[in-house]
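# Inside the fold
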Amino acid sequence: MFTGIIEEKGKVKSITHGAKSAVLSIKASRIMSDVKIGDSIAVNGVCLTATTVSPDGFTADVMAETIRRSSLGSLKAGSEVNLERAMAAGGRFGGHIVSGHIDGTGTIKEFKREDNAIWVTIACDKKILRYIIEKGSITIDGISLTVAVVTDSYFKVSIIPHTSSETTLTSKKVGDIVNLENDIIGKYVEKLLSGGPGGFENLFDSPSGGIQKLSDSGSKKSGGLMDALSKNGFV
């Protein structure tokens, strides 16, 4: 698990492409103080496993599924990447819960400066936008950020100077692809309430897909909210 607080900007030393996979070699220094073979490191928000380790960097295998779903396949020697080690149990939780398993990618549409901040507009698929809420959390290339604006085709975040200097986001260009991970809590809540396997049954009965209003005696099918909670092991 990660928190979305970037520890270091690393640099790609090399990327060796296989038929569908790749091996990344990353130059880093700050995070290497305690990294061991087998440790998890988020590279631009993608959880990878260190396969070799040296004082000045590490290598990691990137499987075909990761290449398909992320921007890692477009990296080249010299590309800067955001790096974060897995969260230590005794560490501060400065960002939000980040799994390192991205939901897809987005495209940078605009940078706009406002005093000391930089607004970044990112367009993405509706299947990602459905989990993005104003003032909620989003992970962009591994960076935990707060959503300031969300529409049906894009969202915006505002970047403070520290985030700009410590990460790669504002060094990118309009049209660049970024990795996106939605807030994990929203996805689990939807699963529980969806009525599918392992979820609350019959809570999405209205034609609009909204949650049917339940009370202790209000649901004709489930017998009320308390019955639904009891049936699914919560009470």
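Look a little higher up for the structure.
Residues numbered from 1 in each chain as written. Predicted model: local features only at pLDDT ≥ 70, side-chain atom pairs only at ≥ 80, totals over all residues. Heavy atoms only, no water.

Counting its secondary structure elements, the chain contains 5 helices and 12 strands. Every one of the 235 residues in the chain was classed for burial, and the buried ones make up 40%. Surface accessibility of the chain: about 12,500 Å² in total, with carbon and sulfur atoms responsible for 53%. (Helix = DSSP H or I, 4+ residues; strand = E, 2+ residues; numbered from the N terminus. Buried < 20%, exposed > 50% of the residue type's maximum accessible area, 1.4 Å probe, protein only. Areas by Shrake-Rupley, 256 points an atom, 1.4 Å probe, with all protein chains shown as cover.)

Another point: the pairing of strand β9 (residues 137-140). Both β9 and strand β10 (residues 143-150) contribute to a ladder of 4 bridges, which runs antiparallel. Residue Thr 139 lies in a different strand from β10, and its bridge partner there is Ser 144. Hairpin remark: β9 followed by β10, antiparallel, with 2 residues in the connecting loop; positive phi at Asp 141, about 50°. Here β9 pairs with strand β12 (residues 177-182) via 3 bridges, running antiparallel. Looking across to β12, one finds that Thr 139 is bridged to Glu 181. (Pairing = 2+ DSSP bridges.)

A word on the pairing of strand β7 (residues 104-114). Bridging between β7 and β12 involves 4 bridges; their strand directions are antiparallel. Directly across from Gly 106, in β12, lies its bridge partner Val 178. Bridge analysis of β7 against strand β8 (residues 117-124) gives 8 bridges, and the strand direction is antiparallel. Following the sheet pairing, Thr 107 is matched in β8 by Ala 123.

Attention now moves to the sheet that holds strand β1 (residues 8-17). In space, the 6 strands of this closed barrel follow the order β1-β2-β5-β4-β3-β6, with antiparallel pairing throughout. Each strand of the sheet is rotated relative to its neighbour by a mean of 45°, with strand direction disregarded. Pairing of strand β3 (residues 40-43) with strand β4 (residues 46-54), which is carried by 4 bridges, proceeds in the antiparallel orientation. Bridge assignment links Ile 41 to a residue of β4, and that residue is Leu 48. (Axes fitted to C-alpha atoms, helices over the stretch in contact; angles between N-to-C directions.)

What follows is about the environment of Met 1. Position of Met 1 among the secondary structure elements: in the segment before β1. Separated by 87 residues in sequence, Met 1 and Ala 88 place their C-alpha atoms 8.9 Å apart. Once you skip the residues sitting within four places of it in the chain, Met 1 turns out to touch Ala 86, Met 87, Phe 93, Ile 97 and Val 98. (Contact = heavy atoms within 4.5 Å.)

On inspection of all chains with the given rule, the structure shows 10 salt bridges. The residue Glu 65 makes a salt bridge to Arg 68 at a minimum N-O spacing of 2.9 Å. Of this pair, Glu 65 and Arg 68 both sit in helix α1 (residues 64-69), 3 residues apart, which is roughly one turn of that helix. Judged by its relative accessible area of 57%, Arg 68 falls in the exposed class. Among the ionic pairs, Lys 187 bridges to Asp 103, the shortest N-O distance being 3.0 Å. One end of the pair, Lys 187, is in helix α4 (residues 184-193); the other, Asp 103, is in the loop between β6 (80-85) and β7, with 84 residues separating them in the sequence. Assessed through its relative accessible area of 22%, Lys 187 is described here as partly exposed. Using a relative accessible area of 21% as the deciding quantity, one classes Asp 103 as partly exposed. Each member of the salt-bridge network shares a partner with another, and the members are Glu 7, Asp 34 and Arg 85. (Salt bridge = Lys/Arg side-chain N within 4 Å of Asp/Glu carboxyl O.)

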